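Notes for the structure review
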Amino acid sequence: MSWFENLLPGRIRTEGGSRKTIPQGLWTKCPGCAAVLYRAELERNHDVCPKCDHHNRIDARRRLDLFLDPEPREELGADLQSGDPLRFRDSKKYKDRLTAAQKTTGENDALVVLRGKLKAQAIVAAAFEFKFMGGSMGSVVGERFVLGVQAAIKQRCPLVCFAASGGARMQESLFSLMQMAKTSAALNQLAQQGLPFISVLTDPTMGGVSASLAMLGDLNIAEPNALIGFAGPRVIEQTVRETLPAGFQRSEFLLEKGAIDQIIDRRQLRDQLAITLSILCHRAPPA
Amino acid sequence: MNLDFLEFEQPIAEMLAKIEELRMMGNDSQVDIQDEIARLEAKSKALTASIFSRLTPWQTTQLARHPLRPYTLDYIEQIVDDFQELHGDRSFADDPSIVAGIGRLAGKPLMLIGHQKGRNTQQKIRRNFGMPRPEGYRKALRLLQMAERFRLPVVTFIDTPGAYPGVGAEERGQSEAIARNLFVMAGLRTPIVAVVIGEGGSGGALAIGVADRVLMLQYGTYSVISPEGCASILWKDAAKADLAAEAMAITASDLKQQGLIDEIIPEPTGGAHRDYATMANNLKAAMVDALEPLVTELPDLLMENRQKRLLAYGAFSA
């Protein structure tokens, strides 16, 4: 204890000393503005910083939970298990990477698809789990997406997909590349049926996912300041050998360049998409 | 070292140089060395066959990128009659890394679209090393839709390291351009045959590769990411590209085995670049064969079958 602390009144000293007893994770620092935020309050705010509106990345389940009505919900393709057609191994086996990702996320692959309701109207909603191998698209992701499209066609309802992905899943090699063709073909069928597809681009949406289903929305909508593009910024920097301008490949940049329809704050997404879909589907405004 | 030959081809280069030397000698000496030349030629052929019978996936990758390998326009010249190249996406520019146009294949009209690489430095830069920008894909899109309108079957030639990763390409929507082509090709009511003639580099290749039949030249490659790219991400070392090439199973024979392509088009001994004419003949025959059953199909049925095929891609269990 330094001479200075001796001079302090007791109350201040105790506060300093008890800091170690605060449970981990109760407070969190905003990556946007460095403000220290109360975790529970941040969650109530849809994981958007109340100070600077920074949109934190969120899990697929939580994403869908915030978006859909609480009831009814039915998961599609939950039992699908990834194959390992090439018995791929780099420094680790693909099988082991899958198991590790399943353990950390509680998901068995990188896309969750639910049939449910949005303000009492039928909808199919899909969300990428970025924590599962970078939200990469392999065969299970592709198949679940197709199941989602088929359910939307069967129920004649819209499809919404929240993208968050680094791209194709290298460990499945050409099988993963073909998921781009597969998901795009499914969306072609949805479009032929006159049913809307809304693609919500969240941080980050890159590579093969961006170059297929994510850019094929009747409406492409982004959350604020999400990184969205085909090639990653580092790859581009290495190619053109110059520093990229600030805001490059961010939502606001894409809006300016005409690539997306709207940027919508996460806290307004549910309300706004319900209105948009009610117009596209010729229904009365949502209650 | 002969730069027209890859490292593993050097023994062949040496042998050919020796034959050439003998020929020169034969010209100004009285000795008849024709027998010796014939003997060496046979030996060189056997050597080539032996080297090419046990290529590693990485060596195949190098062959697919061989500086002498025939490119789209080389094949068009030999295969397509009355070819008319058509330019431009009608909104921004003409992208020379994709060539497209109409012509005749064995007397029948068709639309041909392919990646184009450059041969010398100047051409390489003009063709952007075969890496298209969005306007290239949008030119392809425009002509795909035109092909549907005029009931022209489409053949595409795939030969690209990938879509160009540049600032302008991103600004003009590289992702959307690729995605749109996948979407439209999946629903096109005219036959599409895609042929991987060299490098099938990821989304940039697939963007003109959605088809009723996918063919591949014997020493072509087709992969979700370049072996170097895969190695630098998964092995943290681009020099491990040979391992990545092996792990990703990117050769024609591997992909055929997995049911991801329909047919392998054989290359002449020593690869397509050693005999353009034979290669062009093989390619032409394969194109004619692939198109034949497709052109008589009803357009709606054709498209439905294509979609069924696309939706069946995947390796998973329930």
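As a reminder, the structure under discussion sits directly above these lines.
Residues numbered from 1 in each chain as written. Chains lettered and ligands numbered in written order. Predicted model: local features only at pLDDT ≥ 70, side-chain atom pairs only at ≥ 80, totals over all residues. Heavy atoms only, no water.

**A word on the sheet that holds strand 8 (residues 197–205) of chain A**
All names here are of chain A. Heads up, the rule is: DSSP-based pairing: two strands are paired if at least 2 bridges between them are found. Note on conventions: DSSP H or I runs of at least 4 residues are helices, E runs of at least 2 residues are strands, and numbering of each starts at the N terminus. We call two residues in contact when some of their heavy atoms are within 4.5 Å. Lines are fitted to the C-alpha atoms to define the axes, a helix being fitted only along its stretch in contact, and any angle between axes, read from their N-to-C directions, falls within 0 to 180 degrees.
Read across the sheet, seven strands follow the order 3-5-6-7-8-9-10 without closing on themselves; strand pairing throughout is mixed. Whereas interior strands pair on both sides, the edge strands pair on one side only; in this sheet they are strand 3 (74–75) and strand 10 (262–263). One ladder, built from eight bridges, connects strand 5 (residues 111–118) with strand 6 (residues 121–128); its direction is antiparallel. Directly across from Gly116, in strand 6, lies its bridge partner Ile123. Lying on the sheet, helix 6 (residues 139–155) is in contact with strand 5, strand 6, strand 7 (159–165) and strand 8; it crosses strand 5 at an angle near 20°.

**Describing the packing of helix 7 (residues 173–192) of chain A against helix 14 (residues 299–311) of chain B**
Condition: Any angle that is under 35 degrees is reported as roughly parallel, and any over 145 degrees as roughly antiparallel; angles of 65 to 115 degrees are reported as roughly perpendicular and all others as oblique. Helix crossings get a hand from a simple test, with the near helix turned counterclockwise from the far one by less than a right angle marking a left-handed crossing and a clockwise turn marking a right-handed one. In this classification, the charged set is Asp, Glu, Lys and Arg, the nonpolar set is Ala, Val, Leu, Ile, Met, Phe, Trp, Tyr, Cys and Pro, and all remaining amino acids, among them Gly, are polar.
Taken N-terminus to C-terminus, the directions of helix 7 of chain A and helix 14 of chain B make an angle of 135°; their axes are 8 Å apart at the nearest point. When the interaxial angle is binned, helix 7 of chain A and helix 14 of chain B end up oblique. For the pair helix 7 of chain A and helix 14 of chain B, the sense of crossing is left-handed. Contacts between helix 7 of chain A and helix 14 of chain B involve Ala181(A), Lys182(A), Ala185(A), Ala186(A), Asn188(A), Gln189(A) and Gln192(A) from the first element and Met303(B), Gln307(B), Leu310(B) and Leu311(B) from the second. The residue makeup of the contact of helix 7 of chain A with helix 14 of chain B, split by class, is six nonpolar, four polar and one charged.

**Quick notes on the nonpolar core**
Short version of the rule: As used in this record, nonpolar core signifies buried Ala, Val, Leu, Ile, Met, Phe, Trp, Tyr and Cys residues forming a set joined through side-chain atoms within 4.5 Å. For each residue, the accessible area found with a 1.4 Å probe, counting protein chains only, is set against the maximum for its type, and the residue is called buried under 20%, exposed over 50%, and partly exposed in between.
By size, the foremost hydrophobic cluster in this structure holds 112 residues, and its most contacted members are Leu187(A), Ile113(B) and Tyr222(B). A total of ten residues in this core trace back to one element, the largest contributor, which is helix 7 of chain A. Counting residues in each nonpolar core, the second largest holds 26 residues, with Leu105(B), Met287(B), Ala290(B) and Leu291(B) among its members.

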